[in-house]
Amino acid sequence: MDDITWEEPFCGEGASCFRLGTDATGNAYVAIAGAEDVALTDSREALRRMILDIKAGKADHLL
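Residues numbered from 1 in each chain as written. Predicted model: local features only at pLDDT ≥ 70, side-chain atom pairs only at ≥ 80, totals over all residues. Heavy atoms only, no water.

Comments concerning the state of the cysteines
On inspection of all chains with the given rule, the structure shows one disulfide. Each disulfide pairs two cysteine sulfurs, and for cysteine 11 the partner residue is cysteine 17, the sulfurs being separated by 1.9 Å. Between cysteine 11 and cysteine 17, the S-S dihedral sits near 120 degrees, and the bridge is therefore right-handed. Under the relative-accessibility criterion, cysteine 11 is labelled partly exposed at 48%. (Disulfide = S-S within 2.5 Å. Buried < 20%, exposed > 50% of the residue type's maximum accessible area, 1.4 Å probe, protein only.)

What about the pattern of salt bridges?
Per the stated rule, a full pass over the model turns up four salt bridges. Glutamate 36 is paired through a salt bridge with arginine 19; the nearest N and O atoms lie 3.0 Å apart. Taken together, the residues span a long stretch of sequence, with glutamate 36 in the loop between strand 4 (27–32) and strand 5 (40–43) and arginine 19 in strand 3 (residues 17–22) at a distance of 17 residues. Taking the shortest distance from any N to any O, the salt bridge between glutamate 45 and arginine 48 comes out at 3.4 Å. Remark: arginine 48 and glutamate 45 occur in helix 1 (residues 44–55); sequence separation between them is three residues, near one turn of the helix. One connected set of salt bridges, linked through shared partners, spans Arg49, Asp53 and Lys58. (Salt bridge = Lys/Arg side-chain N within 4 Å of Asp/Glu carboxyl O. Helix = DSSP H or I, 4+ residues; strand = E, 2+ residues; numbered from the N terminus.)

Considerations on the environment of leucine 47
Following the sequence through the fold, leucine 47 ends up in helix 1. Looking at leucine 47, the relative accessible area reads 11%, which means it is buried. When the C-alpha positions of leucine 47 and glycine 34 are compared, they lie 20 Å apart, and in sequence the two are 13 residues distant. Filtering out sequence-adjacent residues up to four positions away, leucine 47 remains in contact with Leu20, Ala28 and Val30. (Contact = heavy atoms within 4.5 Å.)

Rendered as structure tokens:
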């Protein structure tokens, strides 16, 4: 996973920090900051869809 470009961590109060990353071959990654070597991997389109769904409130029940 050396060619991943990681974004700055997204952190909540008292919670783990999550990082999003992408690579040149169209993959997207989600990991806990500091544990990027065990990231969840899918397509950039899947990451895009997840972000749009979260923004639309489809994960609000998890809060």
